[in-house]
Amino acid sequence: GGRPPGRPPFGKPGGRPCLFLPIDYGLIRWPRQAELEAERRNIRVIVPVRAGFGQSGQLPPRVDYAGETASDMIRLIDHLGITKTAVLSLGADVRYAMRMAIARPEAVTGILACAGTLPTKTAAQYERMGKWHKFILANARYAPLILPFLVRSGFSLARRIGKEQFLNSVNAGSPADIRTFADPDVREAMLLGSVTSLSETHTAWEAFSRECIDSEKDWSETVRKCPVPVRMLQGGEDPQSPRQTIEELAPEYPKLDVTIIDKAGQLLFFQEWQMALNELEKF
């Protein structure tokens with residue numbers, strides 16, 4: 001989909017591969033120091049611009065969305081000549097990494113999920129989400145036909161008030177995320193990186209809607225069948241996957257290795273990238 005302006009590609013060309021899955025906001029950049037650290041550690045960071053984001057075309061209607069997205073990622077690493085890669089995912093993108101591992105287990109050395117999600121089971125788990133996340137994801141679950149209209153309106157609002165103000169409002173329910181987004185390097189990375197989902201000429205509202213609807217289906221079997229190690233770093237102040245929800249759901253999946261970081265939220269990777277890269281080294 002082309003390179004966003006303002007910074008060159010990051011990571012080490014020819015280094016150890018890491019597939020980075022940038023959540024449905026399309027956050028394809030890291031804080032500047034994290035990008036330099038990836039290069040120092042000899043990590044080649046590969047960021048797919050998924051269907052419907054940037055200049056990538058939409059997936060066909062009525063496909064297995066997560067399965068087809070995982071197939072796209074397998075086709076990408078095949079195209080690049082990569083036989084094995086670690087995967088670092090944000091938010092609900094962990095399900096794409098798991099589907100990729102199920103389809104091609106020998107290609108994935110391990111998955112590190114930063115502020116990952118698990119399949120939401122109950123109305124109470126939606127109720128304890130932050131306002132924005134509850135509004136979007138509960139509608140994705142219970143009113144999927146209405147969701148695209150809501151998301152399109154949300155993208156229009158973000159364009160009108162500016163991405164910075166919009167992201168501040170999305171983060172408002174998490175003190176940790178407010179602090180993290182206030183960091184100039186983090187703010188720059190998010191505002192620059194999200195060009196694939198919202199720019200002056202493009203909005204990814206349709207793909208965003210389809211991804212949300214897919215994420216709110218029951219993908220518990222995907223978690224159970226995942227054949228590779230999954231390490232989850234979770235934020236105690238995550239507005240989408242609060243501590244209580246993770247503590248309810250994680251015991252259903254004993255193979256997961258879950259750690260909750262108290263003063264972190266959904267932006268855990270942007271706040272704790274040094275910790276995340278240390279964990280990624282294991283894969």
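Below is a summary of the structure that appears in this document. Only a predicted model underlies this, so the values are computations on that prediction, with no experimental measurement involved.

Summarising the sheet, strand β5 (residues 230-235) and strand β6 (residues 257-261) pair through 5 bridges and their orientation is parallel. Within β6, the position partnered with Gln234 by the bridge is Ile260. Following the backbone out of β5, through helix α12 (residues 243-249) and into the adjacent parallel β6, one traces a crossover that is right-handed.

This next bit is on the nonpolar core. Judged by nonpolar contacts, the single largest core of 49 residues is most densely connected at Trp30, Leu88, Phe269 and Phe270. Ranked by the residues each element gives to this core, the list is headed by helix α5 (residues 131-142), at 5 residues. Dropping the residues within four chain positions of it, Phe270 is found in contact with Leu27, Arg29, Pro31, Leu90, Thr180, Val186, Ala189 and Met190. Counting 38 residues, the second largest nonpolar core, distinct from the first, contains Tyr65, Ala101, Val108 and Leu118.

Moving on, we get to the environment of Ala176. As for its placement among the helices and strands, Ala176 is situated in helix α8 (residues 175-182). Taking relative accessible area as the criterion, Ala176 reaches 0% and is therefore assigned buried. Expressed as a C-alpha distance, the spacing of Ala176 and Leu36, which sit 140 residues apart in the sequence, is 24 Å. Non-local contacts of Ala176, meaning those with residues more than four positions away in its chain, are made with Glu237, Lys263, Ala264, Gly265 and Gln271.

Now for helix α10 (residues 205-215). Judged by how many residues are buried, α10 sits mostly within the fold: 8 of 11 residues are covered. Buried within α10 are the following residues: Ala207, Phe208, Ser209, Arg210, Glu211, Cys212, Asp214 and Ser215. Considering only its buried residues, α10 is in contact with α2 (65-79), α3 (94-103), α5 and α6 (147-161).

What counts, and where the lines are drawn
Residues numbered from 1 in each chain as written. Predicted model: local features only at pLDDT ≥ 70, side-chain atom pairs only at ≥ 80, totals over all residues. Heavy atoms only, no water. Pairing = 2+ DSSP bridges. Helix = DSSP H or I, 4+ residues; strand = E, 2+ residues; numbered from the N terminus. Right-handed = clockwise from strand over helix to strand, strands pointing away. Core = buried A, V, L, I, M, F, W, Y, C linked by side-chain atoms within 4.5 Å. Buried < 20%, exposed > 50% of the residue type's maximum accessible area, 1.4 Å probe, protein only. Contact = heavy atoms within 4.5 Å.

Keep in mind that these numbers describe shape and distance, not what the molecule does.
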